[in-house]
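Each chain is listed here by its residues.
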Amino acid sequence: MAQSNKIVRYNNTYNEYRTPYVYGNTVRQPEVLPKRKKVAQPKKTVRVSAQVRKNRNRATAMNKAYVSFLIIAAVCVVTAFMFYLKLQADVVNGAETVTAMQRELENITEKNNTDYHEVYENVDLQKIKTKAVEKLGMVYASEGHVEMYDCPTGGFVKQYNAIPEDGVLAQSRRVVD
C-alpha cells in the first residue's frame with residue numbers, strides 16, 4: 001500500500017473523550033472485538049420452610065375484603081373522574097355562554113349607538129326652540145324668575161311650594177337622652 005500524507009488533529013480540550021480526525025485517503029477502520037459470551041452463574045437455591053411459603057401465598061392471594069376494597073376504590077375514582085369531567089364541561093359551557101353574551105352585548109350596543117346618532121342627527125334644535133316660543137308661549141327666564149338655592153344633599157330640587165326664608169325645607173326631630 002502506498003503511504004499518503006496524513007494530518008492528525010486533536011481537540012485539546014476533550015482529548016480523552018474524542019477520537020482524532022484523520023485527513024487523507026487511508027483512514028484506518030476501527031478494530032472490531034468479538035462479543036463476549038456471558039457465563040451463566042449457578043443459581044443459589046435457598047430452602048424456605050413450609051410456613052414461610054404459606055405466608056407468602058396468603059399475602060399475595062386476593063381475598064374478598066381486598067377485592068371489595070379495590071372495587072370501592074375503583075368506583076370512587078370513576079365517580080371523581082366523572083364529577084371532574086362534568087365540572088370541566090360546565091366551565092366550557094359557561095365560557096361559551098359568556099362569549100355569546102358578550103357578542104350579543106356588542107351587537108346591541110352598536111345598534112343602540114347607531115339609533116342614537118340617527119335620532120340625534122334628525123333633531124333640529126332651532127325648530128324645537130321656535131315651536132316652544134311661538135306655539136307654546138314659553139319665554140326665557142328673566143332675572144326675577146330664578147331663585148338660587150343651596151341643596152344640602154347635592155341632588156336636584158322639584159319645587160311644589162314656596163321655599164322658606166331660612167332655606168330649610170325639612171328638619172328631623174332631635175332626640176335628647
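Residues numbered from 1 in each chain as written. Predicted model: local features only at pLDDT ≥ 70, side-chain atom pairs only at ≥ 80, totals over all residues. Heavy atoms only, no water.

Draft legend 1. Highlighting the pattern of salt bridges. Per the stated rule, a full pass over the model turns up two salt bridges. Linking K86 and D90 is a salt bridge whose minimum nitrogen-to-oxygen distance equals 3.2 Å. Of this pair, K86 and D90 both sit in helix α2 (residues 64–122), four residues apart, which is roughly one turn of the helix. D115 is the salt-bridge partner of K111, the closest N and O atoms lying 3.0 Å from each other. Here the residue K111 and the residue D115 both occupy positions in helix α2, the gap between them amounting to four residues, near one helical turn. Look at D115 and you get partly exposed, because its relative accessible area is 32%. (Salt bridge = Lys/Arg side-chain N within 4 Å of Asp/Glu carboxyl O. Helix = DSSP H or I, 4+ residues; strand = E, 2+ residues; numbered from the N terminus. Buried < 20%, exposed > 50% of the residue type's maximum accessible area, 1.4 Å probe, protein only.)

Draft legend 2. Local environment of a nonpolar patch on the surface. The grouping of M62, Y66, V67, F69, L70, I71 and V75 at the surface amounts to a nonpolar patch, some 670 Å² of accessible area in total. You can call F69 exposed: its relative accessible area is 52%. (Patch = residues over 30% accessible without salt bridge, like charges linked within 9 Å, V, L, I, M, F, W, Y side chains within 5 Å. Areas by Shrake-Rupley, 256 points an atom, 1.4 Å probe, with all protein chains shown as cover.)

Draft legend 3. Broad picture of the packing of aromatic side chains. Throughout the structure, instances matching the rule amount to one aromatic pair. Ring geometry for Y116 and Y120: centres 6.0 Å apart, planes at 15°, overall stacked. Note that Y116 and Y120 are positioned in helix α2 at a spacing of four residues, about one turn of the helix. Side by side, Y116 and Y120 carry an identical accessibility label, which is exposed. (Phe/Tyr/Trp six-rings, centres within 6.5 Å; stacked < 30°, edge-to-face > 60°.)

Draft legend 4. Quick peek at the confidence of the model for the chain. Residues with a pLDDT of 70 or more make up 70% of the chain, whose mean pLDDT is 78. When the elements of the chain are averaged for pLDDT, strand β1 (residues 7–9) gives the smallest value, 53, and α2 the largest, 94. (pLDDT = per-residue confidence, 0-100.)

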